[in-house]
Amino acid sequence: MRFILRGNLYGLLCRENRIPVKNTIVRLYRYNNQDAVVAATNALPKELFQIYSKAEVSEKSNDLLAETKTDENGMYTFDLDGNKLKYDGGPVEIILYYPDVPDYGQANQKPHKNFKEFGVRLNIFQPGWRQTNDNNLYATFNYIISTKNWCYILSLHDLWFIFGQLTVCQTNTPIPGVTVTAMDDDVISDDELGSAVTNSNGQFIIVYTSKEFKKTFLSPLINVETPLFPWGNGPDVYFKYATSAGEFHKEPSSRGRMKDRENVGNCFCVNLCLEEGPLDPPETDVIPGFFKIGQNRAYHILNNIDSTTGRTMGKAVAGWNDLAFFSNLSLLGSLNKKINSKPLEYKFQYEEWNAPGGAVVTPWTDIMKPDIANTVIGYTQELTGDIFNPIKITDYAIHPHPGEMEVFFDASDTWVKVPQLSNFVVNTNGLLINLISSKLMSGTVNMAGLVPGNNAASVQPLQKNRYFKLRMIKREEGNAATETIAGTSKEIALFNLLYSGVPQRGSWLPGTSTERGVACLDIKEMTGSGCVKITNSLTVKYTAANPNLGNVRVTMSGPGGPHVFPAIAHDTAGEEAHGEVAYSGSVAALPNCAYIVYVHADLKLTNGEWTHHDIWDHMAFCK
């Protein structure tokens, strides 16, 4: 029997404003204390919330059912094989686990010097399983972490959030497309905390760390918030505002010393307003074109693509570089309603190359309507007469979601027709299309028969990236004679293949998985028999593969430690690693108990918003 538990996890900021708990490890543990489960059903969320140290999490390893990772939207899924895990659908404990600092877009991604791995218990509950026609059991667990608890979790990572909305003071009309920069008023030198661009609702989120406001004239050798007085340790915040034309307004730095802005906490919510703002710039100020990939990371189609590899480059955050692309890609740029005073329409095309700078494989081909996911290209504004909600915003989208209005194509389903309503506001630094890149490159590689420790090429040839140029073409509606290229990317590396039949859990609980790469292991001393005890040696056989393979490592959880295995080198650089590694310590000296070994493989892939999570396999043994 399979038990499938899924849901979404959010952290609450500023009353009803929530952000996804993204790219975070989620662990599920069986919970056998029935009295505690009964008590938990009547408990408040704050009574169940608990922080665990790394050691306390390790103590729970015998009860671990599964581990997964949330996606960019905070979504997770556990797929439990009840027979293999000896799980009958009973109560569970769900825990977030943080071995490092998650990526929320902060410039400084290194853990602070006092950071220690920790876990967070969200809840103890009995899933409400329901059986479906496929004979599997399904349950849902959605959870919103309270503002107090979420901000505390962020503080343990030294993550500081500013959530705000920018409007016109007299009308409360949202001001979109403005770059809001948060500054810290300091005696010696004001520090820039970070910046963000307001969305269609005028909202923005700035994420930073304390390093940004602890700079001194001795930085980076000495960082500390100045002046060195005993009260308060947060920044004193004021804001600057800019568009592509440059800065157009700045609050006085003294604003940061007022009570509502002084020494703000790591979750700061603010409503900002301007007497006037660049709500609807003249059409002549905006040249329609395609410039970037990804709303979060905004890779420039020329400056941030390596001409020799097709991978990303040139970003200040090192972890954002040397990545190939995968999954849906947000293609960004600017639009206008008109071109040559006529209604504007646009389309995208792709061209496949055998290698960056090589030869064309497939000439320019139109990207059709079915190749595009939901894409909001602009919105309308209407006065409602409601003093509390005076403006109604309606998004216009390709493949609209409920509540959105449809953006239409021409008869060929190729050209996107920009709406011409008088109150329609186009994206001037935003989405053009959300490209379903699997329509360009996809497939499945069957890895059945692979033996952990052997070369992945013993079953299938090592897979390769494919390379595509993307371009935008604009024109007057229906007038082929006015067609103009409006931005062409370099050849980008793309990889959307899935590996099926990848062996999992070695000789312990043999199974398979389907992932975007290969990561599997077995314990040499237990090969062929998952119940053999380990006595005086521990050798892990591993295989990892993907044409964008990053760091591969073997780890172990259990009593004692720290548990160390030798570093793993790639056998085929950047593509494949296989072999054996022996435990670096004394196996005989390990306490008699249960342990879990893991192999983790980083995948150097991005969709322009985040980096693909690592893939992993695990296996338990007893000493």
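Placed above this text is the structure.
Let us look at the structure shown here. (Residues numbered from 1 in each chain as written. Predicted model: local features only at pLDDT ≥ 70, side-chain atom pairs only at ≥ 80, totals over all residues. Heavy atoms only, no water.)

**Digging into the overall build of the protein chain**
Per the secondary structure count, the protein chain includes 5 helices and 45 strands. Its C-alpha radius of gyration of 27 Å places the protein chain within 12% of the 25 Å reference for a compact globule of 623 residues. Taken along its principal axes, the extent of the C-alpha atoms in the protein chain is 80 × 65 × 55 Å. The burial tally for the protein chain puts 53% of its 623 residues in the buried class. (Helix = DSSP H or I, 4+ residues; strand = E, 2+ residues; numbered from the N terminus. Rg over C-alpha atoms; globule rule 2.2 N^0.38 Å. Buried < 20%, exposed > 50% of the residue type's maximum accessible area, 1.4 Å probe, protein only.)

**Focus on the state of the cysteines**
In protein chemistry, a disulfide is the covalent bond that joins the sulfur atoms of two cysteines. Applying the stated rule across the entire model yields 2 disulfides. Across the disulfide, Cys 151 is cross-linked to Cys 267 (sulfur-sulfur distance 2.0 Å). Taking the torsion about the S-S bond as the criterion, the Cys 151 to Cys 267 disulfide, at about -120 degrees, is left-handed. A residue pair is termed long-range when its members are at least 10 positions apart, and Cys 151 in helix 5 (residues 147-156) and Cys 267 in strand 18 (residues 267-274) qualify at 116 residues. (Disulfide = S-S within 2.5 Å.)

**Details of the packing of aromatic side chains**
Considering all chains together, one arrives at 22 aromatic pairs under this definition. Ring geometry for Phe 204 versus Phe 239: centroids 6.4 Å apart, planes at 70 degrees, classification edge-to-face. With a gap of 35 residues between them, Phe 204 in strand 15 (residues 203-208) and Phe 239 in strand 16 (residues 237-243) connect regions that are remote in the sequence. Ring centres of Tyr 598 and Trp 616 lie 5.9 Å apart, and the angle between their planes is 50 degrees; on these two criteria the pair is classed as tilted. Linking Tyr 598 in strand 43 (residues 594-603) with Trp 616 in strand 45 (residues 615-622), this pair joins segments that are 18 residues apart in sequence. For Arg 18, the ring lying beneath its charged end belongs to Tyr 10, and the centroid distance is 4.1 Å. Across the ring face of Trp 415, the terminal group of Arg 475 is positioned such that the distance to the ring centre comes to 3.8 Å. (Phe/Tyr/Trp six-rings, centres within 6.5 Å; stacked < 30°, edge-to-face > 60°. Lys NZ or Arg CZ within 6 Å of the ring centre and 35° of its normal.)

**Concerning the sheet that holds strand 5 (residues 64-69)**
One open sheet holds the 5 strands; their spatial order is 4-8-7-3-5, and the pairing between them is antiparallel. Pairing within the sheet leaves two strands with one partner each, and these edge strands are strand 4 (50-53) and strand 5. Ignoring strand direction, the axes of neighbouring strands in this sheet form an average angle of 30 degrees. One ladder, built from 4 bridges, connects strand 4 with strand 8 (residues 118-125); its direction is antiparallel. For Ser 53, the partnering residue across the bridge sits in strand 8 and is Phe 118. Along the sheet, helix 5 makes contact with strand 4, strand 7 (92-98) and strand 8, crossing strand 8 at roughly 155 degrees. (Pairing = 2+ DSSP bridges. Axes fitted to C-alpha atoms, helices over the stretch in contact; angles between N-to-C directions. Contact = heavy atoms within 4.5 Å.)

**A look at unusual backbone geometry**
The omega torsion across Gly 561 and Pro 562 is 10 degrees, close enough to zero to call that bond cis. Here Pro 562 lies in the loop between strand 41 (549-557) and strand 42 (576-582). Within the chain, Asp 158 stands out as a residue other than glycine whose phi angle is a positive 60 degrees. Looking at where Asp 158 falls in the secondary structure, it is placed in the loop between helix 5 and strand 12 (160-168). In this structure Asp 158 comes out as buried when scored by relative accessible area, which is 14%. In this structure, Ser 341 takes a positive phi of about 65 degrees despite not being glycine. Tracing the chain through its elements places Ser 341 in the loop between strand 23 (338-339) and strand 24 (342-353). We classify Ser 341 as exposed; its relative accessible area is 68%.

**Details of the environment of Glu 56**
If you trace the backbone, Glu 56 turns up in helix 3 (residues 54-58). Overall, Glu 56 belongs to the partly exposed group, its relative accessible area being 34%. For the pair formed by Glu 56 and Met 441, sequence separation is 385 residues and the distance between their alpha carbons is 44 Å. There is a polar contact of 2.8 Å between the side chain of Glu 56 and the backbone nitrogen of Ser 53. (Polar contact = N/O pair within 3.5 Å; in protein donor to acceptor, adjacent residues only side chain to side chain.)

**With respect to the pattern of salt bridges**
The final tally for this structure, using the stated rule, is 24 salt bridges. The partner of Asp 185 in a salt bridge is Arg 257, and the shortest N-O contact between them spans 3.3 Å. Within this pair, whereas Asp 185 is found in the loop between strand 13 (179-184) and strand 14 (191-197), its partner Arg 257 is found in the loop between strand 17 (246-250) and strand 18, the two being separated by 72 residues in sequence. Here Asp 185 falls in the buried class, since its relative accessible area comes to 10%. (Salt bridge = Lys/Arg side-chain N within 4 Å of Asp/Glu carboxyl O.)

**Details of the nonpolar core**
By size, the foremost hydrophobic cluster in this structure holds 84 residues, and its most contacted members are Tyr 346 and Leu 538. Each residue touching Tyr 346, except ones within four places of it in the same chain, is listed here: Leu 335, Ile 377, Thr 414, Trp 415, Val 416, Val 418, Leu 432, Ile 433, Met 472, Ile 473 and Lys 474. By size, the runner-up hydrophobic cluster in this structure holds 43 residues, among which are Val 26, Ala 66, Phe 78 and Val 101. (Core = buried A, V, L, I, M, F, W, Y, C linked by side-chain atoms within 4.5 Å.)

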